[in-house]
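So the chains spell out like this:
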Amino acid sequence: MLNTLLVPVLVIGLAGFLCGLLLAIAARFLHVFEDPRIEKVTSLLPGANCGGCGYAGCADYARAIVEKGAPPNLCRPCSAAGARDIAALLGVEAKAAEKMVALVLCNGGDVRSRRSFLYNGLAECVSADMLSGGGKTCRYGCLGYGNCARVCPVGAIQTGAHNLAVVDPGRCISCGLCVKACPRNLIRLVPASHSVHILCRNRDRGVMTRKACDVGCIACQKCVKAATGQGLHMEGNLAVVDYTLPLSPELVGVCPQKTIHQRPAGPLP
Amino acid sequence: MKTIKAPFKLPNTLHLHYHKEATAALALEVMPAPAVVQIPMSQHLGAPSRPIVARGDSVGLGQPIAEPVGAVSAWAHASVSGVVKSIGEGLSTSGRPTTFIELENDGLDRPGSTLQPRPDWASADGKSLIPLIAAAGIVGMGGAGFPTHIKISPPAGRIIDTLIVNGAECEPFLTADQRLMMEKADLIWNGIQILRHILGGPRIRVAIEDDKPEAIRAMEKAMARADGDVEIVSLPAAYPMGAEKQLILSVLGREIPSGGLPADVGALVENVATCAAVYEAIVLGQPVTQRVVTVTGPLIRRPANILARIGTTLADLIAFCGGLTGQSGKLICGGPMMGVAQIGADVPMGKTTSGLLALPRESVRLFDSMPCISCNRCVRACPMSLLPCTITSAVEADQLETVEALHTLDCIECGCCSYVCPSRRPMVQLMRQGKARVQLARRQKQEQEKAKGKQG
């Protein structure tokens, strides 16, 4: 009677003890050290896994920050405070992480830029661009078929009624996916604090630009002269903003073509 | 020499209304060289040529004005004598931006060709003639524009046992090759003999669709005393009979493996116009400076088959044919199935421009495409036996792996799927998209692997 109870209890108990011992030994000798900070940093990141930082996701980036000393300010969706928190946790200095937003460098919607023919093909920018410029007279301007809007993970881009992609800077998490999606390389990430922009990428001569669009840069250089070369410069036939320097909002009035805009760019008439 | 019927049947073909009656009976007309020609730098498959003349230079007819860049490229020559007016940018007939050399014609046709004629080609080493063909700027004149000198130098280990001469011309409306065969059959046959000599004596199959009996008769006459294994193959008239892979299948019964080349099955296909160009280059020392273009369509006042200089603008071609009879709806370079719609008539023709088709506004209908209804018509129409409906849906859903697994890269972009689709879905465009994306993904993967290899 006693045996029938005692033996199984002893056997199971002994087996449990031995297994526990084995685990304890294994835990001691096969231990892999995982920095607890990795988990903490991961929890501080937004978890969107957008890949904008250049790593395979938030966890991968957190590992890179802790183990490889990657800068903590690469996460674009993070606010500056978020980067500061991470830096404080690791005891490193957070370099000024500037909030970047995507900007479409074209303002020539259907109202302002002319169509050269009726495009009845695939409603998609790459295909349209391959066929004689997709019906847009300007061969640099936004085609408006919304490849950028389709890749945007937060729905910050709208092509609107005038077939012109516009980014909502409030929603943009600066992941940079739209930059890669645009076949005409019209989108770039600019500092959110920078308010004055030249919304044109047309590198043709002024005569040609004027034929194609009402708001294209005609390379008159008035803005460059007004700014005395500070903060913007000419690249061939196109004035380009140098985003490392501030720019005076007064330049908006200088441009005869109304190419220079102060953000947020006004809605189309 | 005998004429046989095509021994093998194609799985899927379309029977289109050919519309060739307007120009089939019209003899070739030589168009006087226009006052200004624009020579495009990308008239061929591969890298665009690089101009070797500068503004203000004086050039002679046939003088090389642009050199090839990289392995797959071609020479370009002045098609008139005169002065280089400008070198500028513009759209080519394929709808892509390219560089142009604009020449002002002095009307003298002063010879400037640097090619050494080789009337004694039969006694020369075959391989020594290939550089001559390259220097003459000869590319596949059927439409693809692949440089001929590369095509006739098969990769090591591949033996070409059959040269198929493509006189099918299956695109509706076009009669350029047909007229060339009817009027210059001797020229073509001489060109074929030169190619045969270069390739080391393969058997010859001249493939012509059976709706062109006069062309078959003309070629029969020219080749009556041909020696060796030479046959004319009369193909059933169907689209896309003239496509390279379809032609090989129909004539030889050999299927090119997925992703392979005709050389993999021992065949080589050359267009009849290319053969004529080979003769002109080797025997007469003339580079490619002109070609036959069919200018046709309901809107052309006087449809014609024209021998025009390369670089003649479409507007000049139309003007030579008496202009348009009404409001233009669509201008297409090439045939209606695979041709490219143009945005204007100020685009110059290139070496591959076989036709110009003008359609009136009434016949051009805008359409919205509807969802796929799984009717399977595209599957039954696809000459490559692909599944266009599944592939295009996968392209739209961005499922690249499915797109690749369904052999999208084997698509020949013939347009049969778009033609039969009752939902008017942009099938070819989606297939083209799918091809481009798969190729891009492969390139990126290769680059990644290369980078990894460097690290490791």
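Quick caveat: nothing in here was measured; it's all calculated off a predicted structure.

Enquirer: Quick rundown of the overall build of chain A? Include the residues and the values.
Expert: Across its full length, chain A holds ten helices and eight strands. The globule rule puts the C-alpha radius of gyration for 269 residues at 18 Å, and the 28 Å found for chain A is more than 25% above it. Taking the principal axes of the C-alpha coordinates as reference, chain A spans close to 105 × 45 × 30 Å. The burial tally for chain A puts 41% of its 269 residues in the buried class. Look at the contacts in chain A between residues 6 or more apart in sequence, and 59% of them connect residues 24 or more apart. Working note: accessible area of chain A is about 14700 Å², and carbon and sulfur atoms make up 60% of it.

Enquirer: Give me the lowdown on the side chain of T162(B), citing residues and values where you can.
Expert: Residues and elements named next belong to chain B. Along the polypeptide, T162 turns up in strand 10 (residues 162-167). The class of T162 is buried, set by a relative accessible area of 0%. At a separation of 2.7 Å, a polar atom in the side chain of T162 contacts the side chain of D161. One polar contact links T162 to R203, side chain to side chain, over a distance of 3.1 Å.

Enquirer: Got a sec to walk through the packing of aromatic side chains? Specific residues and values, please.
Expert: Residues and elements named next belong to chain B. If you walk through the whole model with that rule in mind, you get two aromatic pairs over all chains. Seen from the ring of Y18, K20 lies directly overhead, with NZ or CZ sitting 5.0 Å from the centre. The lysine or arginine in question, R302, covers the ring of F320, its NZ or CZ lying 5.6 Å from the ring centre.

Enquirer: Can you tell me about the nonpolar core, naming the residues and giving the values?
Expert: Within the largest apolar cluster, 73 residues are counted, with the highest numbers of intra-cluster contacts made by I188(B), I192(B), I194(B), V206(B), M219(B) and L317(B). Considering each element in turn, this core owes the most residues, nine residues, to helix 8 (residues 272-282) of chain B. Not counting the four nearest positions on each side in its chain, V206(B) is found in contact with V165(B), I192(B), M219(B), M223(B), E231(B), I232(B) and V233(B). In terms of nonpolar packing, the next biggest core, distinct from the first, is built from 39 residues, L103(A), C172(A), L251(A) and I260(A) among them.

Enquirer: Residues and numbers for the packing of helix 5 (residues 185-198) of chain B against helix 8 of chain B, please.
Expert: Residue and element names in this part refer to chain B. Axis separation between helix 5 and helix 8 bottoms out at 7 Å; the angle between their running directions is 80 degrees. On the basis of the axis angle, helix 5 is roughly perpendicular to helix 8. For the pair helix 5 and helix 8, contact is made by L187, I188, N190, G191, I192, I194 and L195 and by V272, C275, A276, V278, Y279, E280 and I282, respectively.

Enquirer: Please set out the sheet that holds strand 3 (residues 36-40) of chain B residue by residue, giving values where relevant.
Expert: Residue and element names in this part refer to chain B. A sheet is described by the order of its strands in space; here four strands give the open sequence 3-9-8-5, paired in antiparallel fashion. The open sheet has two edge strands, strand 3 and strand 5 (58-59), and neither has a second partner. Pairing of strand 8 (residues 82-91) with strand 9 (residues 97-105), which is carried by nine bridges, proceeds in the antiparallel orientation. Looking across to strand 9, one finds that S86 is bridged to E102.

Enquirer: Please set out empty space enclosed by the protein residue by residue, giving values where relevant.
Expert: Residue and element names in this part refer to chain A. This model, assessed by the stated rule, comprises eight cavities of 30 Å³ or more. Its volume calculated, the largest cavity comes out at about 120 Å³. C125, C142, L143, C148 and C182 are the residues nearest the centre of the largest cavity, which is lined by 17 residues in total. Residues that form the lining of the largest cavity fall into these classes: eleven nonpolar, five polar and one charged.

Enquirer: Kindly report on the domain arrangement of chain B, identifying the contributing residues and their values.
Expert: Residues and elements named next belong to chain B. What the domain assignment lists for chain B is domain 1 (2-25 + 116-284) and domain 2 (377-455). With eleven residues of domain 1 in contact, the opposing surface of domain 2 contributes 14 residues. At the boundary of domain 1 with domain 2, total buried surface from both sides reaches about 970 Å², with 57% on carbon and sulfur atoms. At the surface where domain 1 touches domain 2, the tally comes to zero salt bridges. Between the two partners, domain 1 and domain 2, sit six residue pairs in polar contact (both at pLDDT 80 or more).

Enquirer: Describe the layout of surface pockets, with residues and values.
Expert: The volume enclosed by the second largest pocket comes to roughly 1300 Å³. As for the second largest pocket, its lining consists of 37 residues, of which R139(A), M208(A), E89(B), G90(B) and L91(B) are closest to the centre. Contributions of two or more residues to the lining of the second largest pocket are made by helix 5 (125-130) and helix 8 (206-212) of chain A together with strand 8 and strand 9 of chain B. In terms of residue count, strand 8 of chain B provides more of the lining of the second largest pocket than any other element does, six residues in total. Each residue belonging to the lining of the second largest pocket can be placed in one class, and the counts come to 14 nonpolar, eleven polar and twelve charged.

Enquirer: Which residues make up the interface of chain B and chain A, and what values go with them?
Expert: The parts lose accessible area when they come together, and the size of an interface is often stated as this lost area. Listed as interface residues are 15 residues of chain B and, on the opposing side, twelve residues of chain A. Taking both partners together, chain B and chain A bury about 1200 Å²; carbon and sulfur atoms supply 61% of that area. By the criterion of area lost to chain A, the three top residues of chain B are I343(B), L366(B) and Q433(B), representing 39% of everything that side buries. Where chain B meets chain A, there are one salt bridge.

Enquirer: Residues and numbers for the domain arrangement of chain A, please.
Expert: Residue and element names in this part refer to chain A. Taken domain by domain, chain A holds domain 1 (36-90) and domain 2 (100-262). Computed over C-alpha atoms only, the centres of domain 1 and domain 2 are separated by 32 Å. In this complex, domain 1 contributes four residues to the contact, which on the side of domain 2 involves five residues. Buried area between domain 1 and domain 2, both sides added, is near 410 Å², and the carbon and sulfur share of it is 65%. When the buried area of domain 1 at its contact with domain 2 is split by residue, C50, R76 and P77 rank highest and sum to 86% of it. If you look at where domain 1 meets domain 2, you find zero salt bridges. In this structure, the connection of domain 1 to domain 2 is made through zero residue pairs in polar contact (both at pLDDT 80 or more). In terms of residue class, the side of domain 1 that touches domain 2 is built from two nonpolar, one polar and one charged.

Calculation rules
- Throughout, residues of each chain are indexed from 1 in the direction in which the sequence is written.
- Going through the entries in the order they are written, you letter the chains from A and number the ligands from 1.
- Side-chain atom pairs in this predicted model are given and counted only at pLDDT of 80 or more, local residue features only at pLDDT of at least 70, and totals for whole chains, interfaces and linings cover all residues.
- With hydrogens and water set aside, each side-chain value is computed from the structure's full complement of heavy atoms.
- Each helix is a run of DSSP H or I of at least 4 residues and each strand a run of E of at least 2, with the numbering of both proceeding from the N terminus.
- The globule rule is 2.2 Å times the number of residues to the power 0.38, and the radius of gyration it is compared with is taken over C-alpha atoms.
- Three labels apply to residues, based on accessible area from a 1.4 Å probe with only protein chains included: buried if under 20% of the type maximum, exposed if over 50%, partly exposed otherwise in between.
- Contacts were defined at the residue level, with two residues in contact if any of their heavy atoms lie within 4.5 Å.
- Using a 1.4 Å probe, the Shrake-Rupley method yields the accessible areas, and only the shown protein chains count as cover for residues.
- Polar contacts, as used here, are pairs of N or O atoms within 3.5 Å; protein pairs need one atom able to donate a hydrogen and one able to accept it. Residues neighboring in sequence count only if both atoms are side-chain atoms.
- By convention, a stacked pair of Phe, Tyr or Trp rings (six-membered ring in the case of Trp) has centres within 6.5 Å and planes under 30 degrees apart, an edge-to-face pair has planes over 60 apart, and any other such pair is tilted.
- Placement of a positive charge over a ring is assigned whenever Lys NZ or Arg CZ falls within 6 Å of the ring centre and within 35 degrees of the normal to the ring plane.
- What we call a nonpolar core is a set of buried Ala, Val, Leu, Ile, Met, Phe, Trp, Tyr and Cys residues that are connected through their side-chain atoms within 4.5 Å.
- The axes are straight lines fitted to the C-alpha atoms, using for helices just the contacting stretch, and the angles between their N-to-C directions are given from 0 to 180°.
- Note on terminology: angles under 35 degrees are roughly parallel, angles over 145 are roughly antiparallel, angles of 65 to 115 are roughly perpendicular, and the others are oblique.
- For two strands to pair, DSSP has to find at least two bridges joining them.
- A cavity here means a set of points on a 1 Å grid, drawn over the protein atoms and nothing else, where a 1.4 Å probe fits but cannot get out; a pocket is an open set with protein on both sides within 12 Å along at least five of seven lines, and a residue lines either one if it has an atom within 4 Å of a point.
- Grid points are joined across faces, edges and corners, and a volume is the space filled by probe spheres set on the points.
- Charged residues are taken to be Asp, Glu, Lys and Arg, nonpolar residues to be Ala, Val, Leu, Ile, Met, Phe, Trp, Tyr, Cys and Pro, and polar residues to be all remaining types, Gly included.
- Each domain's extent was defined by an automatic or database domain assignment.
- Buried area is a sum: the accessible area each of two parts loses on coming together, probed at 1.4 Å, counted once for each and added.
- Any Lys or Arg side-chain nitrogen found within 4 Å of a carboxyl oxygen on Asp or Glu counts as a salt bridge.

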